[in-house]
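# Structural features, examined
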Amino acid sequence: MERAAIIGTGMTKIESAKHTETFADMAWEAVNKALDDAGMTIDDVDNVVTTSNDFWDGRTISCMAVGDASGASHKNVSCVEGDGTFGAFYGLSRALSGSYGTTLVTAHSKGSESISSLITNASFDPIYDRWLGMDMISASAMQANAYMERTGTTSEQLAMVSVKNHGNAVKNPLSQLPMSISVEDVLGSEMISDPLHKLDCSPVSDACCAIIIANESRVPAYSGHPVWIKGAAFCSDAYFLGDRDISRAKALTEAAKKAFSMAGITNPSKEIQVAEIYDAFTYQELMWLEEMGLCESGTAGSMLEKGEFDIEGRLPVNPSGGLLGGHPVIAAGLIRIVEIVKQLRKEAGEYQVDAKRGLAHGVNGLCGQSHCVWVLDSEG
Amino acid sequence: MGKNRVAIVGTGQTFHKSHRPDVNGQELINEAVQAALKDADMKINDIDAVVIGNMDHFEGINYVDCWSVDGSGGVMRPIIKLTTGGTTGSTLAIGGYHLVGSGLFDKVLVIGWEKNSESDTTGAITPAFAPVWDRLVFAGAISGLAVEAQSYMAKYGATDKDGARVSVRDRKHACNNPHAQLRKEVSIEEVLESPVLADPIHLLDVCPRTDGACAVIMASEKYAEKIARTPDWIWGTANRHKYSYLGDVNWGELDSMAEAAGEMFEKCGIKEPRKEINVIEMYQPYSFAGIIWIEDMGIVERGKGAEYIWSGATDMGGELPINPSGGVIACNPIGATGLIRCAEAAMQVMGRAGDHQVPDVNHAVSTGFGGCMWTDILLHGKQKPQI
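So, a few notes on the structure that sits alongside this text.

Attention now moves to the sheet that holds strand 7 (residues 206-215) of chain A. Within a beta sheet, neighbouring strands are joined by backbone hydrogen bonds and run either parallel or antiparallel to one another. All names here are of chain A. The mixed open sheet is built from nine strands, whose spatial order is 3-2-4-7-1-8-11-10-9. On the outer flanks of this sheet lie strand 3 (76-80) and strand 9 (274-276), each paired with one strand and no other. Strand-to-strand twist in this sheet, taken as the mean axis angle between neighbours without regard to direction, amounts to 25°. Alignment of strand 2 (residues 47-51) against strand 3, held across five bridges, turns out to be parallel. Of the residues in strand 3, the one forming a bridge with Val 48 is Val 77.

Right, dumping it as structure tokens:
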């Protein structure tokens, strides 16, 4: 891969409901913050990729709502539907194809205006599965059970993910759910879908996030502090849950392997120093860590118990508070990238870790069908 | 211009109909994918990545990239969804171009599809517009197009007979395309006598709604000539999705076409598009666009579109044939429609358009239209582009 860097980032605060802001208002805020961060004006942006989802937005052609606010009126522009990490991947390809030197990538959603259960139910097969009433939470509960059964991971270990990430969120002024809680609080919270308690689940959130990717040739032109893209890859597994071993995430293993190979990483568990991963539910943080090769299969729970994934630990995971601290669908993966950029630029404030190389991760589909993995580095 | 050359090496389309109850969505997609793989003499395992798109609310399926994999071949492969409304198909083509041009993938399968029979098309389009300002005024696609036609007629004196001439052309061309949905010639009188949907647009002035899919395989220079004897080289792409609100549109002129075509021709070194381009596959969802948008594209002067159409220059055998396939008026599976334009342009360059082949095509143009009067455009060529 040719060299490219992220030279600017911006995001709104993650909130449960931004009643006074439209999609365009959120995009305007995130885009202007990213431009300021990069030391650019909108005229320095060669092209724009927005990321949105028609179901979540309740709008056909959901990208239409943010095009002008993202400064795209007189520019080449496109829209990815899926997690923000996928939008960023397409934005990266447009900065590498020689057509454009800089790409502005945005991702937004307002969970507050949506009924998440109905929207995720619409991802199930319309003939066989949808009428069973399946949604993201019930499917994820099945996956949690399958993962716990295979690895022996316990509900207490799941709860510790919630304690850690909500605790980390206390240090992140942009997070939605800063909470100092105990394992007992998590296990005592309402059972949503066995084995997932309310505090095992990420919240419904509103936010927009923006990043600016530049081809190497354009990086020196701006004052933004570059963080270099060393590897990026995505991969999808089968669709029907019955066609997969849902206690595993084969597609994640594949995507991570490719991203590590692009980055020249041979021993990811040693070489990755911070990770922001897609913890929509507590079990996912542990399962994704294992399946992407950052620890041995079945060991994430015990490593968590030893504090290895804490901010001061050997491999800090979701120091920002992760999705448990705030989960604006679509934007969530792009926020993971932004959080790694902050860490590598030493701008993470109270949740700063000591790292030169980090990993960001996003998910599309049910039970992690499709994954996108990014490896970022503070050095070129 | 890209750093890496990108070419189309194979195309495939379903047989398009108003209703395909014989297949589900994944099977419809698979039909196009198999046809494209066969056309390129490739196997699915040769494909590095898949780009897919449609419009969600036409089928009511969320996360289509994930749902489609049994038909698209996306299992244990990178698959990404792009969607921009009517421009989805051309957006996908531009997406394939960048994914290959970036060097991140060598062989990319691009898929556009729609099963319009599964929804109320107007009902699904209407919520595209801002809920407070536009949605209550503009319903679906036809109302906005009627405003455009009326504005143009008021400015330049065109008549509904001029529009009908475009419909007559496209519907005649469609008779030579086995994949077109509507293959029946009509007369000017028949168009004008068909029911008025939104003045000045008659039923026979507009596109149908269609079930169908299209797949296009793009390859890097390293592989393109090994796969296809005559690859279709993509010279350049451009687009403008200028407006978010219909109230902002400069009605009667398609600003997005003027800006995008101007940018693309300039960066590709095309100085006289009318002379240098041999065929256009235009996403022209209704007849009046066939007059207006060729002016914005720079083919003829402002106000001269109708005269050019009546001269026969855009008919098969004319100076610059437009829509040899029959175009969108004959066939419109929305998420596939823009990609079909790209595939048809590629077929013309590759010399594989069969009964609707235009002789000696060196350069072809394909376009996409949708959203809030948005345009995508691609320039295709038989020779390799300069880089």
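Another point: the interface of chain B and chain A. Each partner contributes to the interface: chain B provides 61 residues, whereas chain A provides 58 residues. Between chain B and chain A, a total of about 4900 Å² is buried, with carbon and sulfur atoms accounting for 56% of that surface. On the surface where chain B and chain A come into contact, there are one salt bridge. Note that Glu81(A) is salt-bridged to Lys81(B), the shortest N-O span being 2.8 Å. Those elements that place two or more of their residues in the side of chain B that touches chain A are helix 2 (56-59), helix 3 (64-67), helix 4 (69-72), strand 3 (79-81), helix 5 (88-101), helix 6 (121-125), strand 8 (232-240) and helix 11 (255-268) of chain B. Here the element with the most residues in the side of chain B that touches chain A is helix 5 of chain B; it accounts for seven residues. Its residues placed into classes, the side of chain B that touches chain A shows 30 nonpolar, 20 polar and eleven charged.

Time to look at the side chain of Gln143(A). All names here are of chain A. Mapped onto the fold, Gln 143 is located in helix 5 (residues 136-151). Classification of Gln 143 as buried rests on a relative accessible area of 0%. A distance of 3.0 Å separates a polar side-chain atom of Gln 143 from the backbone oxygen of Ile 246. Those residues in contact with Gln 143 that lie beyond four places of it in its chain are Ile 246, Arg 248, Tyr 283, Gln 284, Met 287, Trp 288 and Cys 367.

This paragraph deals with unusual backbone geometry. The amide bond that connects Asp194(A) to the next residue, Pro195(A), takes the cis arrangement and shows omega of 10°. By the element assignment, Pro195(A) lies in the loop between strand 5 (191-193) and strand 6 (196-197). Along the chain, Asp199(B) connects to Pro200(B) via a cis peptide bond; the corresponding omega equals 10°. Looking at where Pro200(B) falls in the secondary structure, it is placed in the loop between strand 5 (196-198) and strand 6 (201-202).

Next up on the list: the pattern of salt bridges. Within the structure shown, the criterion is met by 38 salt bridges over all chains. Note that Glu271(A) is salt-bridged to Arg357(A), the shortest N-O span being 3.3 Å. Within this pair, whereas Glu271(A) is found in helix 9 (residues 268-271), its partner Arg357(A) is found in strand 10 (residues 357-364), the two being separated by 86 residues in sequence. For Glu271(A), a relative accessible area of 23% puts it in the partly exposed group. Counted as one network, the salt bridges with shared partners bring together Arg240(B), Lys242(B), Glu259(B), Glu263(B) and Lys267(B).

On to the pairing of strand 11 (residues 374-381) of chain B, then. All names here are of chain B. For strand 11, the buried fraction is high: eight of the eight residues fall into the buried class. Neither face of strand 11 is exposed, since Trp 374, Asp 376, Leu 378 and His 380 on one face and Thr 375, Ile 377, Leu 379 and Gly 381 on the opposite face are all buried. Bridge analysis of strand 10 (residues 363-370) against strand 11 gives eight bridges, and the strand direction is antiparallel. Directly across from Gly 368, in strand 11, lies its bridge partner Asp 376.

Once that is clear, we can look at the environment of Thr14(B). Residue and element names in this part refer to chain B. Along the chain, the position of Thr 14 falls in the loop between strand 1 (6-13) and helix 1 (25-40). Judged by relative accessible area, which is 0%, Thr 14 ranks as buried. C-alpha separation for the pair Thr 14 and Gly 212, spaced 198 residues apart in sequence, amounts to 5.7 Å. Sequence-distant contacts of Thr 14, that is, excluding residues within four places in its chain, are made with Arg 20, Leu 28, Glu 31, Ala 32, His 179, Gly 212 and Ala 213. A polar contact of 3.0 Å, which involves the side chain of Thr 14, links it to the backbone nitrogen of Ala 213.

This part covers the nonpolar core. Among the nonpolar cores identified, the biggest contains 171 residues, and Ile213(A), Ile337(A), Trp374(A), Leu376(A), Met218(B), Tyr286(B) and Met297(B) are the most heavily contacted of them. Those residues in contact with Ile337(A) that lie beyond four places of it in its chain are Ile6(A), Thr85(A), Ala88(A), Ile211(A), Ala360(A), Trp374(A) and Leu376(A). Counting 54 residues, the second-largest nonpolar core is a separate cluster that includes Met136(A), Leu158(A), Cys367(A) and Val373(A).

Residues Glu156(A), Glu184(A), Asp185(A) and Glu305(A) make up a contiguous surface patch of negative charge. Summarising the element assignment, Glu184(A) is placed in helix 7 (residues 183-188).

Turning to helix 11 of chain B, a few remarks are in order. An ideal rise of 1.5 Å per residue puts 20 Å on 14 residues; helix 11 of chain B measures up with 20 Å between its terminal C-alpha atoms. Taken residue by residue, helix 11 of chain B has Asp255(B), Ser256(B), Met257(B), Ala260(B), Ala261(B), Glu263(B), Met264(B), Phe265(B) and Cys268(B) as its buried positions. At its buried positions, helix 11 of chain B is contacted by strand 3 of chain A together with strand 8, helix 12 (273-276), helix 13 (289-296), strand 10 and strand 11 of chain B. A positive backbone phi angle near 75° is found at Gly269(B), which sits one or two residues after helix 11 of chain B.

All right, on to a nonpolar patch on the surface then. All names here are of chain B. Taken together, Val 132, Trp 133 and Tyr 245 make up a surface patch of nonpolar side chains, about 360 Å² in accessible area. Along the chain, Tyr 245 turns up in the loop between strand 8 and helix 11. Judged by relative accessible area, Tyr 245 falls into the partly exposed class, the value being 32%.

Here we take up the state of the cysteines. In the structure shown here, the tally under the stated rule is zero disulfides over all chains. Left unpaired, Cys209(A) is separated from the closest cysteine sulfur, that of Cys208(A), by 7.1 Å.

Parameters at a glance
- Residues numbered from 1 in each chain as written.
- Chains lettered and ligands numbered in written order.
- Predicted model: local features only at pLDDT ≥ 70, side-chain atom pairs only at ≥ 80, totals over all residues.
- Heavy atoms only, no water.
- Pairing = 2+ DSSP bridges.
- Helix = DSSP H or I, 4+ residues; strand = E, 2+ residues; numbered from the N terminus.
- Axes fitted to C-alpha atoms, helices over the stretch in contact; angles between N-to-C directions.
- Contact = heavy atoms within 4.5 Å.
- Buried area = accessible area lost by both parts, 1.4 Å probe.
- Salt bridge = Lys/Arg side-chain N within 4 Å of Asp/Glu carboxyl O.
- Nonpolar A, V, L, I, M, F, W, Y, C, P; charged D, E, K, R; others polar.
- Buried < 20%, exposed > 50% of the residue type's maximum accessible area, 1.4 Å probe, protein only.
- Polar contact = N/O pair within 3.5 Å; in protein donor to acceptor, adjacent residues only side chain to side chain.
- Core = buried A, V, L, I, M, F, W, Y, C linked by side-chain atoms within 4.5 Å.
- Patch = residues over 30% accessible without salt bridge, like charges linked within 9 Å, V, L, I, M, F, W, Y side chains within 5 Å.
- Areas by Shrake-Rupley, 256 points an atom, 1.4 Å probe, with all protein chains shown as cover.
- Lys, Arg positive; Asp, Glu negative; His and termini not counted.
- Charge placed at Lys NZ, Arg CZ, Asp CG, Glu CD.
- Expected span 1.5 Å × (residues − 1).
- Disulfide = S-S within 2.5 Å.

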